[in-house]
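A structural walkthrough
Next come the chains, spelled out residue by residue.
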Amino acid sequence: MEIKVLKDILDANKQIAARNRQWLDSEGVLAVNLMSSPGAGKTSLIMATIKRLKGKIKIGVIEGDVSSSLDAETVGKEGVPVVQINTGGECHLDANMVSNALSNVPLPDLELLFIENVGNLICPASFTLGEHKKVLISSLPEGDDKPFKYPLMFDIADVVVINKIDLLPYLKFDTDAFSRAIKGINKKVKIFPISCATGQGVQEWTSWLLNQMSRR
Amino acid sequence: MHELAITQSMLDLVLEQAGKVEAKEVRKIDLVIGEMSGFVEDCVQFYFDFLSKGTIAEGAALSFTMIPTRARCRSCGKLFELKQFDWTCPYCQGNSLEITSGKELFVESIEVE
């Protein structure tokens, strides 16, 4: 007997993600899923954002890593609540891991929640977590050909943060061509060139974040 | 690596559907996979053989329908298949493209006894 199924393989993940989203909405928390390759600056962006917005808004962080709690310790020093997820080998966060982590985050005390995904440009693109915004960080040393190599990741992003722009004088990186390539794949994406090291462009990014929060 | 999580989700979905009709055995699973989703057939097959052991889906044949990545050019409106890493319209050389297929990832049907 043949049974027509026509169901998304990731349906279960999507259902849990939808529940996460409802939960975050009921607590009035904006959740941002940060994705990038390893070393592009996810933790640095979180740190730079906390430094700029501390005292203005209440921020929490979920740190996803294959192993270790180094990032959680770094972020924790800023005095914000941090929950660590160790995926135990999995190359991405999924909605269920985030759901478990959300129980340990003091949501009623928060306005903004960063979910730092595992450093990877492939797998996290397929797993929605219930976040409100997907932010992709792409850094200059990775090269300006990344949109063509990882189109799905660039396609699903709401925002692309181009990090490490202070390195522009030392690298062959065509920022205009890079931005054009991203816009070619994803017309609606917002692009923020920044340097977490020097602070250049961070204000535009945090203004955008605050604007997203005020719209809710 | 994400094939493991995907294969587990797929198997859960198949067992749930088979359970609804109280099937004794799953013989075949038809999967539709978009090229852009980055899933490798051999990898899914490998994990499936491992994960399905001891379930009613053990030994089921996996059939893959791979969907190529297709796009529509935002400049000239033409539809075409995207070659890997070549993000250019073959008709007008435009590079603002809208992906129209290639992201699929679903179970189309299953054959049960």
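Residues numbered from 1 in each chain as written. Chains lettered and ligands numbered in written order. Predicted model: local features only at pLDDT ≥ 70, side-chain atom pairs only at ≥ 80, totals over all residues. Heavy atoms only, no water.

1. Quick notes on unusual backbone geometry
Despite not being glycine, L6 of chain A shows a phi value in the positive range, around 45 degrees. One non-glycine residue, Q93 of chain B, lies in the positive phi region at around 65 degrees. One can find Q93 of chain B in the loop between β4 (79–81) and β5 (97–101). (Helix = DSSP H or I, 4+ residues; strand = E, 2+ residues; numbered from the N terminus.)

2. Remarks on the pattern of salt bridges
If charged atoms from side chains of opposite charge come close, those side chains can pair. Residue and element names in this part refer to chain A. In the structure shown here, the tally under the stated rule is 12 salt bridges over all chains. Between D8 and K14 there is a salt bridge, and its shortest N-O distance comes to 2.4 Å. Residue class for D8 comes out partly exposed when judged on its relative accessible area of 24%. (Salt bridge = Lys/Arg side-chain N within 4 Å of Asp/Glu carboxyl O. Buried < 20%, exposed > 50% of the residue type's maximum accessible area, 1.4 Å probe, protein only.)

3. With respect to the packing of helix α2 (residues 42–53) of chain A against helix α8 (residues 202–214) of chain A
Describing two packed helices takes the angle between their axes plus the distance from one axis to the other. All names here are of chain A. Where α2 meets α8, the closest approach of the two axes is 10 Å, and the angle between their N-to-C directions is 75 degrees. With respect to each other, α2 and α8 are oriented roughly perpendicular. Residues L45, A48, T49, R52 and L53 of α2 touch α8, and the partners they reach there are V202, Q203, W205, T206, L209 and L210. The residue inventory of the contact of α2 with α8, partitioned by class, reads seven nonpolar, three polar and one charged. (Axes fitted to C-alpha atoms, helices over the stretch in contact; angles between N-to-C directions. Parallel < 35°, antiparallel > 145°, perpendicular 65-115°, else oblique. Contact = heavy atoms within 4.5 Å. Nonpolar A, V, L, I, M, F, W, Y, C, P; charged D, E, K, R; others polar.)

4. A few points about the packing of helix α1 (residues 2–20) of chain B against helix α2 (residues 41–51) of chain B
Residues and elements named next belong to chain B. In contact at an axis separation of 9 Å, α1 and α2 are set at 55 degrees when each is read in the N-to-C sense. By the criterion of interaxial angle, the relationship of α1 to α2 is oblique. Viewed along their axes, α1 and α2 form a crossing whose handedness is right-handed. From α1, E3, L4, T7, Q8, M10 and L11 reach across to α2, where they touch C43, V44, Y47, F48 and L51. Considered class by class, the residues forming the contact of α1 with α2 number eight nonpolar, two polar and one charged. (Left-handed = near helix turned anticlockwise from the far one by under 90°.)

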